[in-house]
Amino acid sequence: MTNFKDYLNEQLQQNPELREEYDALEPEFSFMQAMIDARRETGITQKQLAERTGISQGDINKFESGGGNPSIRTVKRIAAGLGMRVKIEFQPMTWV
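Cut-off values and rules
Residues numbered from 1 in each chain as written. Predicted model: local features only at pLDDT ≥ 70, side-chain atom pairs only at ≥ 80, totals over all residues. Heavy atoms only, no water. Helix = DSSP H or I, 4+ residues; strand = E, 2+ residues; numbered from the N terminus. Rg over C-alpha atoms; globule rule 2.2 N^0.38 Å. Areas by Shrake-Rupley, 256 points an atom, 1.4 Å probe, with all protein chains shown as cover. Lys, Arg positive; Asp, Glu negative; His and termini not counted. Charge placed at Lys NZ, Arg CZ, Asp CG, Glu CD. Polar contact = N/O pair within 3.5 Å; in protein donor to acceptor, adjacent residues only side chain to side chain. Contact = heavy atoms within 4.5 Å. pLDDT = per-residue confidence, 0-100. Salt bridge = Lys/Arg side-chain N within 4 Å of Asp/Glu carboxyl O. Buried < 20%, exposed > 50% of the residue type's maximum accessible area, 1.4 Å probe, protein only. Core = buried A, V, L, I, M, F, W, Y, C linked by side-chain atoms within 4.5 Å. Patch = residues over 30% accessible without salt bridge, like charges linked within 9 Å, V, L, I, M, F, W, Y side chains within 5 Å. Phe/Tyr/Trp six-rings, centres within 6.5 Å; stacked < 30°, edge-to-face > 60°.

### Comments concerning the overall build of the protein
Stage number 1. Scanning the protein from N- to C-terminus turns up 6 helices and 0 strands.
Stage number 2. Moving toward the C terminus, one meets the helices and strands of the protein in the order α-α-α-α-α-α.
Stage number 3. Taking 96 residues into account, the globule formula puts the C-alpha radius of gyration at 12 Å, and the protein, at 16 Å, lies well above it.
Stage number 4. When the backbone C-alpha atoms are referred to their principal axes, the protein occupies close to 45 × 35 × 20 Å.
Stage number 5. As displayed, the protein has an accessible area near 7,800 Å², and 51% of this comes from carbon and sulfur atoms.
Stage number 6. Put simply, the protein has 12 plus and 14 minus side-chain charges, and the middle of one group is 13 Å from the middle of the other.

See below:
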């Protein structure tokens, strides 16, 4: 049985349009994963992060699940609530 990552990689290689759409969503995926990883690393719950930032737990959940689009100001509040800072960088595009 094939696992999801193998299946996804196969589909991305076979379908250039899917690959383009997937790559276009990479910044959102990266943000979601970075937020989840940082929160887990600090050992706090979504509720605790909400209390520290004044952002509702529902919004924290939305950001972690990709259902929200936080402003940079909000991202900075989240980072501060985690005892961290935000680093944004631009990277050259790679053409596949």
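### Quick word on the side chain of Glu-64
Stage number 1. As for its position among the elements, Glu-64 is in helix 5 (residues 57–65).
Stage number 2. At 2.8 Å, the side chain of Glu-64 and the side chain of Gln-46 are in polar contact.
Stage number 3. When near neighbours in sequence (up to four residues on either side) are disregarded, Glu-64 contacts Met-32, Met-35, Ile-36, Arg-39 and Gln-46.

### What about the confidence of the model for the protein?
Stage number 1. Looking at the protein, pLDDT values average 91 and 96% of them are 70 or higher.
Stage number 2. Across the protein, the element-wise mean pLDDT spans from 89 in helix 2 (residues 16–24) up to 97 in helix 4 (residues 46–53).

### Thoughts on the pattern of salt bridges
Where side chains of opposite charge bring their charged atoms close, a pairing between them can arise.
Stage number 1. For the structure shown, the criterion picks out 4 salt bridges.
Stage number 2. Between Glu-64 and Arg-39 there is a salt bridge, and its shortest N-O distance comes to 2.6 Å. Taken together, the residues Glu-64 in helix 5 and Arg-39 in helix 3 (residues 26–42) connect sequence positions 25 residues apart.
Stage number 3. You can call Arg-39 buried: its relative accessible area is 10%.
Stage number 4. Glu-89 is paired through a salt bridge with Lys-87; the nearest N and O atoms lie 3.7 Å apart.

### Focus on the nonpolar core
Stage number 1. Counting residues in each nonpolar core, the largest one holds 10 residues, listed as Met-35, Ala-38, Ile-44, Leu-49, Ala-50, Ile-55, Ile-60, Phe-63, Ile-78 and Leu-82.
Stage number 2. Elements represented by at least two residues in this core include exactly helix 3, helix 4 and helix 5.
Stage number 3. Dropping the residues within four chain positions of it, Ile-44 is found in contact with Arg-39, Leu-49, Arg-52, Gly-81 and Leu-82.

### Examining a nonpolar patch on the surface
Stage number 1. Where nonpolar side chains cluster on the molecular surface, the patch consists of Tyr-22, Leu-25 and Phe-29 and spans about 260 Å² of accessible area.
Stage number 2. The topology assignment puts Phe-29 in helix 3.

### What about the packing of aromatic side chains?
Stage number 1. Applying the stated rule across the entire model yields 1 aromatic pair.
Stage number 2. Centroid distance Tyr-22 to Phe-29: 5.8 Å. Interplanar angle 45°. Geometry classified as tilted.
Stage number 3. Its relative accessible area of 32% is what places Tyr-22 among the partly exposed residues.

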